[in-house]
Amino acid sequence: MPYTKCPICGAIAHLNVSDARQWYATHYPDVPEGSLVPGKCIACSQELQEGDTVVVRQCFIPEAIAKPGMRGTVTAVLSSPEHGTIYEVTFNDSTKHHFIRAELRKAPVGSPKRKSTRTSGTA
Ligand SMILES: [Zn+2]
């Protein structure tokens, strides 16, 4: 069973592949089967684009105002080949904060809005 460590957020996962030996031979031929190797986790593997709804996973700076679980919309992807990528996210209260990829995950489509108690509106 291949074990991977995400190079973005550090999460460790194991992959369900039918032939682990073949998987290592294909992706990491110089590494012994069963070794921990780099591999993006599910939360980091999806590309984030403007307009995507995202959830804050964690914040790496202690003074961050945004808290895990907050939902927002990606309003800008700021990127350069030299300096990497950060994401501007706008929250429901119109505040904007900037995040690195490991601090965000894409909100699942059609997930229940657990915090919303609004019952008005058309069905
Ligand atoms: Zn990750």
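Quick look at the structure, then. These figures come from a predicted structure and were not determined experimentally.

Each value, and the rule that gives it
Residues numbered from 1 in each chain as written. Predicted model: local features only at pLDDT ≥ 70, side-chain atom pairs only at ≥ 80, totals over all residues. Helix = DSSP H or I, 4+ residues; strand = E, 2+ residues; numbered from the N terminus. Buried ≥ 20, exposed ≤ 12 C-beta atoms within 10 Å, placed from the backbone. Contact = placed C-beta atoms within 7 Å. Pairing = 2+ DSSP bridges. Axes fitted to C-alpha atoms, helices over the stretch in contact; angles between N-to-C directions. Core = buried A, V, L, I, M, F, W, Y, C linked by C-beta atoms within 7 Å.

This paragraph deals with the overall build of the protein chain. Each helix and strand in the protein chain was counted, giving two helices and eight strands. Along the protein chain, helices (α) and strands (β) appear in the sequence β-β-α-β-α-β-β-β-β-β when read from the amino end. The proportion of buried residues among the 123 residues of the protein chain is 9%. A fraction of 45% describes how many contacts in the protein chain between residues 6 or more apart in sequence connect residues 24 or more apart.

Turning to the sheet that holds strand 1 (residues 3-5), a few remarks are in order. Pairing between the strands of a sheet is mediated by backbone hydrogen bonds and can be parallel or antiparallel. Spatial strand order, 2-1-3: three strands in an open sheet with mixed pairing. What marks the edges here is a single partner per strand, and that holds for strand 2 (12-14) and strand 3 (36-38). Put simply, the sheet's adjacent strands are angled 35 degrees from each other on average, direction ignored. Pairing between strand 1 and strand 3: three bridges, direction parallel. Bridging across to strand 3, Thr4 finds its partner in Val37.

This next bit is on the nonpolar core. One finds Val54, Val56, Tyr87, Val89, Phe99 and Leu104 forming the largest nonpolar core, which totals six residues. When residues of this core are traced back to their parent elements, those giving at least two are strand 4 (53-56) and strand 6 (84-91). Those residues in contact with Val56 that lie beyond four places of it in its chain are Ala66, Lys67, Pro68, Gly69, Met70, Glu103 and Leu104.

What follows deals with the sheet that holds strand 6. The five strands are arranged 7-6-5-4-8 in an open sheet whose pairing can be described as antiparallel. Sheet topology places strand 7 (96-99) and strand 8 (104-106) at the edges, where each strand pairs with a single neighbour. Neighbour-to-neighbour, the strand axes of this sheet turn through a mean angle of 45 degrees, independent of strand direction.

Turning our eyes to something else, we now look at unusual backbone geometry. In this structure, Ser94 takes a positive phi of about 70 degrees despite not being glycine. You can see Ser94 is positioned in the loop between strand 6 and strand 7.

Looking at chain direction, strand 5 (residues 71-80) and strand 6 are connected through eight bridges and run antiparallel. Among the inter-strand pairings, Val74 is bridged to a residue of strand 6, identified as Val89. Here strand 5 folds back onto strand 6 in antiparallel fashion, the turn holding three residues. Relative to strand 7, strand 6 runs antiparallel, the two being bridged by four bridges. Residue pairing in the sheet places Glu88 in a bridge with His98 of strand 7. The loop that links strand 6 with its antiparallel partner strand 7 comprises four residues; one of these, Ser94, has a positive phi angle of about 70 degrees.

In short, the description is geometric, and any link to function would need to be established separately.
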